[in-house]
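Each chain is listed here by its residues.
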Amino acid sequence: MCADGRVGFTAVWTGNEMIVWGGFFVNVGIPIFNTGGRYCAETGPTPTPTPTPGPIQLRGQGKKLGGINTSRLKWRGATSANVDIYRDGLVIATTPNDGLYDDSTGTTGQASFTYQVCEAGISTCSNEVTVNFPP
């Protein structure tokens with residue numbers, strides 16, 4: 001049995017129905033503090049939950065472009081519109097989440113950099129990868 005419309009009530013969600021207790025009938029103002037009932041919602045489509053971001057998987061590879069050490073980063077599993085690119089613990093770029101970023105490090109010769117990709121603005125991050133450049 002569904003309760004008539006009420007205001008000023010107390011309600012508890014059980015996981016599949018709302019139990020309503022007390023309050024007043026809508027537009028009547030008659031107290032019904034000693035009664036309750038189940039809230040009967042209209043049936044409709046079941047809402048789709050927002051997926052929880054899974055682990056982001058990152059790969060990195062080094063190459064020389066014009067003699068400059070350049071790291072090519074590829075990732076998958078990020079769900080936000082943008083990601084933050086970290087090099088050695090510092091954010092170096094915020095970029096669209098398209099799964100690819102080339103970091104021109106500005107260095108030449110032997111070097112090593114550690115990278116991580118994180119959902120922009122939150123702490124869901126990838127594994128760390130180290131890209132090494134020979135002399």
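Anything mentioned here points back to the structure above.
Conventions adopted
- Residues numbered from 1 in each chain as written.
- Predicted model: local features only at pLDDT ≥ 70, side-chain atom pairs only at ≥ 80, totals over all residues.
- Heavy atoms only, no water.
- Disulfide = S-S within 2.5 Å.
- Helix = DSSP H or I, 4+ residues; strand = E, 2+ residues; numbered from the N terminus.
- Phe/Tyr/Trp six-rings, centres within 6.5 Å; stacked < 30°, edge-to-face > 60°.
- Buried < 20%, exposed > 50% of the residue type's maximum accessible area, 1.4 Å probe, protein only.
- Lys NZ or Arg CZ within 6 Å of the ring centre and 35° of its normal.
- Pairing = 2+ DSSP bridges.
- Axes fitted to C-alpha atoms, helices over the stretch in contact; angles between N-to-C directions.
- Salt bridge = Lys/Arg side-chain N within 4 Å of Asp/Glu carboxyl O.

Peer 1: Whenever I open this one, the state of the cysteines confuses me. Can you help?
Peer 2: Cysteine pairs can be linked by a disulfide, which is a covalent bond between their two sulfur atoms. With the rule as written, the count across this model stands at 1 disulfide. Two residues, cysteine 118 and cysteine 125, share a disulfide whose sulfurs are 2.0 Å apart. Taking the torsion about the S-S bond as the criterion, the cysteine 118 to cysteine 125 disulfide, at about 105°, is right-handed.

Peer 1: I tried to follow unusual backbone geometry on my own but got confused; where do I start?
Peer 2: Keep in mind that most residues, glycine aside, have a negative phi and that most peptide bonds are trans. One non-glycine residue, aspartate 88, adopts positive backbone phi at about 50°. By the element assignment, aspartate 88 lies in the loop between β8 (82–87) and β9 (90–96).

Peer 1: Quick question: what am I supposed to make of the packing of aromatic side chains here?
Peer 2: The geometry of an aromatic ring pair is captured by the separation of the ring centres together with the interplanar angle, meaning the angle of the planes. Counted under the stated rule, the structure contains 1 aromatic pair. Between phenylalanine 113 and phenylalanine 133 the ring centres are 6.2 Å apart and the planes differ by 70°, which places this aromatic pair in the edge-to-face class. Within this pair, whereas phenylalanine 113 is found in strand β11 (residues 111–119), its partner phenylalanine 133 is found in strand β12 (residues 129–133), the two being separated by 20 residues in sequence. Take phenylalanine 113 and phenylalanine 133: they sit in the same class, and that class is buried. The side chain of arginine 87 reaches across the aromatic face of phenylalanine 113, ending 5.5 Å from its centre.

Peer 1: How do you make sense of the sheet that holds strand β7 (residues 68–76) when you look at a structure like this?
Peer 2: Sheet strands line up and pair through hydrogen bonds in the backbone, either parallel or antiparallel. The strand order across the open sheet formed by 3 strands is β6-β7-β10, and the pairing between neighbours is antiparallel. Only two strands of the sheet have a single neighbouring strand rather than two, namely β6 (57–65) and β10 (100–104). Adjacent strand axes in the sheet meet at a mean angle of 20° when their direction is disregarded. Where β6 meets β7, 9 bridges bridge the pair, whose relative direction is antiparallel. Bridging from a neighbouring strand, glycine 62 pairs with serine 71 of β7.

Peer 1: Sorry if this is basic, but what is going on with the pattern of salt bridges here?
Peer 2: Once the charged atoms of two side chains with opposite charge are near each other, the side chains can pair. Tallied over the entire structure, the rule returns 2 salt bridges. Aspartate 102 is paired through a salt bridge with arginine 72; the nearest N and O atoms lie 2.8 Å apart. One end of the pair, aspartate 102, is in strand β10; the other, arginine 72, is in strand β7, and 30 residues separate them in sequence. For arginine 72, a relative accessible area of 26% gives the class partly exposed. For arginine 87, the salt bridge is made with aspartate 103, and the minimal N-O distance between the two is 2.8 Å. Residue arginine 87 is found in strand β8, and its partner aspartate 103 is found in strand β10; the two are separated by 16 residues along the sequence.

Peer 1: Help me understand the sheet that holds β8, please; the structure alone is not making it clear to me.
Peer 2: If you trace the 4 strands from one edge of the open sheet to the other, you get β9-β8-β11-β12, paired in antiparallel fashion. The open sheet terminates on both sides in strands that have one partner only, identified here as β9 and β12. Averaged over all pairs of adjacent strands, the angle between strand axes in this sheet comes to 25°, irrespective of strand direction. Relative to β9, β8 runs antiparallel, the two sharing 6 bridges.

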